[in-house]
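Chain by chain, the residues:
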Amino acid sequence: GTRYAWLSPPILSLIALSFVLSLAFGWRLVRAPEPFLPLTVLNNPVMRMGTACASLSMGVSIATTIFVPLYFEVVHGLTATESGIALIPLALTTPGSLLSGQAMLYWKHYKRAPVIGLVFGLIAMAFLVWQPDLPLLYVTLLLCVVGTAIGLIYPVTTVSIQNAVPHAQVGVAMGALNFFRSLGSAFIVAVMGAILLAGLGASPERGVVSVVAVSMSAAGVDVALTFRYVFLSAWIFLALSLAFLLMMEERPLRST
């Protein structure tokens, strides 16, 4: 969007190449005697929905961890140390995971906790989209809600997938889950980074110019407005995560 237009030949060629490589990867999975990702695992609907949900939510978590410190520095004028401290609320994925894990022990409808959490997380993220220059205290509280909501997802999707596949395929299913979570995180980080750089009209060289320096020197650029679209993309990915969670079948958990 900055160095190359989105419809320029280099960008279109890269998109086409990624599509071809994806088809080649699928062709290889079908024909390999011991494929990296067995199709019998991928054909499981709980595996597909749970993996999509977890991948999107983890991608939002990783991407916000990367870009929110920049937001604190350029919008709220915090130092690097202060922005790191202000980022702590996003680490509430851990308490959220603990709460969700405990809820699975006592609630028959164990998807209820992450569904409720994601609804509140979407509401919190919507406030950041609506007013990206909210006072720092309010931003911190909203990020607490988002971090806790994302944390609620991990145990439910992981245990649901382990519960849905045969015992002999649990290891393969967990490997595939981790693979797609990493892939989703890389994709969402790239999307948010592209939005941020396009909004700033910058194309910094790797290791030469920081995004913070570019944004501070960008004349006439409303940096808060640029981050509004970053938060909007996070909201969209969280909404998709909620949709996949709702579509994931809630099977009775094994007792053994």
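A brief structural summary. Everything quoted here is computed from the prediction, not taken from an experiment.

Procedures and definitions
Residues numbered from 1 in each chain as written. Predicted model: local features only at pLDDT ≥ 70, side-chain atom pairs only at ≥ 80, totals over all residues. Heavy atoms only, no water. Helix = DSSP H or I, 4+ residues; strand = E, 2+ residues; numbered from the N terminus. Contact = heavy atoms within 4.5 Å. Areas by Shrake-Rupley, 256 points an atom, 1.4 Å probe, with all protein chains shown as cover. Core = buried A, V, L, I, M, F, W, Y, C linked by side-chain atoms within 4.5 Å. Buried < 20%, exposed > 50% of the residue type's maximum accessible area, 1.4 Å probe, protein only. Phe/Tyr/Trp six-rings, centres within 6.5 Å; stacked < 30°, edge-to-face > 60°. Salt bridge = Lys/Arg side-chain N within 4 Å of Asp/Glu carboxyl O. Patch = residues over 30% accessible without salt bridge, like charges linked within 9 Å, V, L, I, M, F, W, Y side chains within 5 Å.

To continue, consider the overall build of the protein. Counting its regular elements, the protein contains 10 helices and zero strands. Each helix and strand of the protein, ordered N terminal to C terminal, gives the series α-α-α-α-α-α-α-α-α-α. Considering only residue pairs separated by 6 or more positions, the protein has 79% of its internal contacts joining residues 24 or more positions apart. With an accessible surface of roughly 13400 Å², the protein has 70% of that area assigned to carbon and sulfur atoms.

Most often, soluble globular proteins have nonpolar side chains that are buried together. Counting 50 residues, the largest nonpolar core has Phe72, Phe227, Phe231 and Leu238 as the members making the most contacts within it. Looking at this core, the elements with two or more residues in it are α3 (45-75), α6 (112-130), α7 (136-164), α8 (170-200) and α10 (223-247). Among the elements that make up this core, the one with the highest residue count is α3 (12 residues). Phe231 has contacts with Val68, Tyr71, Met125, Leu128 and Val129, leaving out every residue within four places of it along the chain. Met47, Ala54, Ile161 and Leu177 belong to the second-largest nonpolar core, a separate cluster that totals 12 residues.

In this section: the side chain of Ser57. Mapped onto the elements of the fold, Ser57 is located in helix α3. Setting aside residues no more than four positions away along its own chain, Ser57 makes contact with Ile150, Ile153, Tyr154 and Ser241.

For the rest of this paragraph, the subject is the packing of aromatic side chains. Summed over all chains, the structure comprises seven aromatic pairs. Considering the side-chain rings of Phe127 and Trp130, the 6.3 Å spacing of their centres and the 70° angle between planes classify their relative orientation as edge-to-face. Placement of the pair is Phe127 and Trp130 together in helix α6, with a separation of three residues, close to one helical turn. Looking at Phe127, the relative accessible area reads 40%, which means it is partly exposed.

Think of it this way: side chains of opposite charge can pair up when their charged atoms draw near. By the definition in use, this model includes one salt bridge. Among the salt bridges present, the one from Glu249 reaches Arg251, with a minimum N-O distance of 3.1 Å.

Looking now at a nonpolar patch on the surface. Taken together, Ile116, Val119, Phe120, Ile123, Phe127, Trp130 and Val145 make up a surface patch of nonpolar side chains, about 660 Å² in accessible area. With respect to the element layout, Phe120 can be found in helix α6.

So, to be careful, I would describe these as geometric facts and stop short of saying anything about function.
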